[in-house]
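Structural description and commentary
Letter by letter, the chains look like this.
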Amino acid sequence: MGAVRLEPVLALLAAAAMAPAAMASGGGGMGSGGMPSFSAPRYDPVQEYQQGMADYQAGKYRSAASHFENVTDSQPKSANSWYMLGMARSSDGDLKGAEKALGHSVKLDAAQVGPMRELAVTQAKLKENDKAGAQLTALKARAASCNDTCPDAADLKAAVAAVEQALGVVAPSASTKPLPDGIKLASIDSGDLAYTRAVSLINERRFAEALAALDKAEQAFGPHPDVLTYKGYVWRKLGRLDRAESYYKAALAEAPTHRGATEYYGELKVIRGDMAGARIMLARLETQCAFGCVEAEDLRRWIDHGGDPAS
């Protein structure tokens, strides 16, 4: 495949700017900790995430946590949403709840530095020094392996310093003082820039940097289908097909007619030799594109070629 197509960034901005009230439907949503109910509301995760971010920034931590819980109910594999839920709980004084949410985030995506840092800091506050120390060891190992050359180098260095302070290993200093609340919240504008940069980095095949940019975009927008689709694409290019599939599925769960996710998921099926599955994805695109579309044409070429037609 050639250069990836940039999904309209304005669509991200429009979704982020929409009123973040919950959208009620007759679907089978789940309340926090309760049994499934056919009358329970199904929340739009992007809108709920934006309201959670707005409440967090306004210091309304309990309300923020409620909105982030709605996101994790809808997108249980969104590591970033679990991260923000942990941050909201921590800021509201619920350290055990924060530890649970942050631990879930790290389990889902151990590559992100922020959740590891905040999990360790939270465990230090809970006097669980052995657990916090284990996170510190892992962060130091990553920092040493990175050797100031990876996209996360500065974040890793700051994370090590923050955890050492929390454990009392080093005294606080102006140069190592962690950010307020342990996180620098992303803005819509910064998310827009990160998203656009991510697509440029993908086209340059700089996939590790692209993932870092997509993480920043997701922190601003929440689990938006466009961001999830490109995360899946990057993981696919890195050979992590199972992880790529999880992102395509998450994107299509929220936007079943997302043409980019449908095309890329079809291509993934071709790579796996699942030609029947790829044809199902193609049939969906042909239904959506009554007058034809580039996504359907690209996937058709993959199927006819039995793989990437550019190879």
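None of these values were measured; they are calculated from a predicted model. (Residues numbered from 1 in each chain as written. Predicted model: local features only at pLDDT ≥ 70, side-chain atom pairs only at ≥ 80, totals over all residues. Heavy atoms only, no water.)

1. Notes on the overall build of the chain
Note the following rule: Helix numbering and strand numbering both begin at the N terminus, where a helix is a DSSP run of H or I of at least 4 residues and a strand a DSSP run of E of at least 2. Categorising residues by exposure relies on relative accessible area from a 1.4 Å probe, with only protein chains included: less than 20% of the type maximum marks a residue as buried, more than 50% marks it as exposed, and the intermediate range marks it as partly exposed. Contacts were defined at the residue level, with two residues in contact if any of their heavy atoms lie within 4.5 Å. Here the accessible surface of atoms and residues is derived via Shrake-Rupley with a 1.4 Å probe, and residues count as covered only by protein chains that are part of the display.
When helices and strands are counted, the chain shows 15 helices and zero strands. Counting every position in the chain, which comprises 311 residues, the buried fraction comes to 49%. Nonlocal contacts in the chain, meaning residues at least 24 apart in sequence, comprise 60% of its contacts between residues at least 6 apart. If you sum the accessible surface of the chain, you get close to 14,600 Å²; carbon and sulfur atoms cover 56% of it.

2. Considering the confidence of the model for the chain
The condition is simple: One confidence number per residue, pLDDT, is output by the predictor and ranges from 0 to 100.
Overall, the predicted model of the chain reaches an average pLDDT of 83, with 80% of residues at or above 70. Note that residues 13-40 has pLDDT below 50 and, in this model, 39 contacts with residues that lie over four places away or in other chains. Here residues 174-183 is modelled with pLDDT under 50, and outside its nearest four sequence neighbours on either side it reaches 22 contacts, counting other chains as well.

3. Some remarks on the packing of aromatic side chains
As a reminder, the rule being used: Two rings belonging to Phe, Tyr or Trp (six-membered ring only in the last case) form a pair when the distance between their centres is within 6.5 Å. Interplanar angles under 30 degrees mark stacking, angles over 60 mark edge-to-face geometry, and anything in between is tilted.
Scanning all chains against the criterion turns up six aromatic pairs. The interplanar angle of 65° and the centroid separation of 5.5 Å between the aromatic rings of Tyr49 and Phe68 together place this pair among those described as edge-to-face. Here Phe68 lies in helix H3 (residues 61-74) and Tyr49 lies in helix H2 (residues 45-57), a separation of 19 residues in the sequence. Ring geometry for Tyr233 against Tyr264: centres 4.9 Å apart, planes inclined by 45°, an arrangement best described as tilted. One end of the pair, Tyr233, is in helix H11 (residues 225-237); the other, Tyr264, is in helix H13 (residues 259-271), with 31 residues separating them in the sequence.

4. Observations regarding the state of the cysteines
For clarity, the threshold we go by: Cysteine sulfur atoms that come within 2.5 Å of each other are treated as a disulfide pair.
Applying the stated criterion to the full structure yields two disulfides. Each disulfide pairs two cysteine sulfurs, and for Cys146 the partner residue is Cys150, the sulfurs being separated by 2.0 Å. With the S-S bond torsion at -110°, the cross-link from Cys146 to Cys150 turns out left-handed. Since its relative accessible area comes to 6%, Cys146 is described here as buried. Here Cys289 is linked by a disulfide to Cys293, with a sulfur-sulfur distance of 2.1 Å. On the sign convention where negative means left-handed, the S-S torsion of about 70° between Cys289 and Cys293 marks this disulfide as right-handed. Its relative accessible area of 9% is what places Cys289 among the buried residues. Ordinal numbering of bonded cysteines along the chain defines a disulfide pattern of 1-2, 3-4.

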